[in-house]
Amino acid sequence: MKYLIVGLGNKGSEYENTRHNIGFKVAEKIAETLEVSFNTSNFGWLAEGKHKGRKVFVLKPDTYMNLSGNAVKYWMQKENIPLENVLIITDDLALPFGTLRMKGKGSDAGHNGLKNINEVLQTQNYARLRFGISADFTAGRQVDYVLGTWNDEESEKLQERIETFSKASLSFVFAGLNNTMSAFNGK
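Residues numbered from 1 in each chain as written. Predicted model: local features only at pLDDT ≥ 70, side-chain atom pairs only at ≥ 80, totals over all residues. Heavy atoms only, no water.

Mind showing me how you'd approach the UniProt feature "domain: HTH cro/C1-type" (unreviewed entry) in the chain here?
Within the UniProt annotation, "domain: HTH cro/C1-type" (unreviewed entry) is assigned to residues 13-41. The annotated region residues 13-41 carries 45% helix and 10% strand content, and the separation between its end C-alpha atoms amounts to 19 Å. (UniProt positions renumbered as here; feature names shortened; annotations may be inferred. Helix = DSSP H or I, 4+ residues; strand = E, 2+ residues; numbered from the N terminus.)

Explain the packing of helix α2 (residues 68-79) against helix α3 (residues 112-121) here, please?
For any two helices packed against each other, the geometry is given by the interaxial angle and the distance between the axes. Interhelical geometry of α2 versus α3 gives an angle of 45° and a closest axis separation of 7 Å. One element, α2, and the other, α3, form an angle in the oblique class. α3 is crossed by α2, and the crossing has right-handed handedness. Judged by residue contacts, Ser-68, Gly-69, Asn-70, Val-72, Lys-73 and Met-76 of α2 engage Gly-113, Asn-116, Ile-117, Val-120 and Leu-121 from α3. Looking at the contact of α2 with α3 residue by residue, the classes come out as five nonpolar, five polar and one charged. (Axes fitted to C-alpha atoms, helices over the stretch in contact; angles between N-to-C directions. Parallel < 35°, antiparallel > 145°, perpendicular 65-115°, else oblique. Left-handed = near helix turned anticlockwise from the far one by under 90°. Contact = heavy atoms within 4.5 Å. Nonpolar A, V, L, I, M, F, W, Y, C, P; charged D, E, K, R; others polar.)

What is the right way to read the side chain of Lys-60 from this model?
Considering the arrangement of structural elements, one finds Lys-60 in strand β4 (residues 54-61). Side chain to side chain, Lys-60 and Glu-28 meet in a polar contact 2.8 Å long. Not counting residues up to four positions away in its chain, the partners in contact with Lys-60 are Gly-7, Phe-24, Ala-27, Glu-28, Phe-38, Phe-43, Gly-44 and Trp-45. (Polar contact = N/O pair within 3.5 Å; in protein donor to acceptor, adjacent residues only side chain to side chain.)

What should I look at first to understand the UniProt feature "binding site: tRNA" (unreviewed entry) in the chain in this one?
UniProt's feature table lists "binding site: tRNA" (unreviewed entry) at Tyr-15, Tyr-64, Asn-66 and Asn-112, given in the numbering used throughout. On the secondary structure map, Asn-66 appears in the loop between β4 and α2. With a relative accessible area of 43%, Asn-66 lands in the partly exposed category. Among the secondary structure elements, Asn-112 is positioned in helix α3. Classification of Asn-112 as partly exposed rests on a relative accessible area of 37%. Excluding anything up to four places from it in sequence, Asn-112 contacts Met-65 and Asn-66. (Buried < 20%, exposed > 50% of the residue type's maximum accessible area, 1.4 Å probe, protein only.)

What am I meant to see in unusual backbone geometry here?
Glycine aside, negative phi is the norm for most residues, and most peptide bonds take the trans geometry. Within the chain, Glu-35 stands out as a residue other than glycine whose phi angle is a positive 60°. Summarising the element assignment, Glu-35 is placed in the loop between α1 (22-34) and β2 (39-41). Residues other than glycine seldom take positive phi values, yet Ala-109 does so here, at roughly 50°. Tracing the chain through its elements places Ala-109 in the loop between β6 (100-103) and α3. Since its relative accessible area comes to 57%, Ala-109 is described here as exposed.

As structure tokens, then:
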């Protein structure tokens, strides 16, 4: 069985430690846990590993957030990975900082990366793991907030949250969507 875990983010050092790049950070932790490295490949950086006998592809698309669907579709087709074995990791303004929410389908909730994936795949029926970044910004400052860096309080808790999200992602691979949602949602 093959799985594709995609951490959404933007390439470039100016985006590296921003809230919008939390998907990349979780993907990096997953690769570290699997003891594999990212290599430059088509549509991004790819790490290949095994988790409990299952083949796992971890992808950080280099397409920028708004075109992530092209990378997801390419790797699904290239490796013949079914939609039910795809997990997208993304930031979410509607959730308090560090909140974990996994769902098997849903809207893009205004997230441009998910919006593009929905358009390219022609479906909203894929698993997504949302990392709460809260919405602590004034009117008209959403872009600055999302592309801003973590505050001191968030930074203190960030590594623990990334570790939990990595565990949830690998649980998805081995235990499945429903068991993972039961075990991790809201944690």
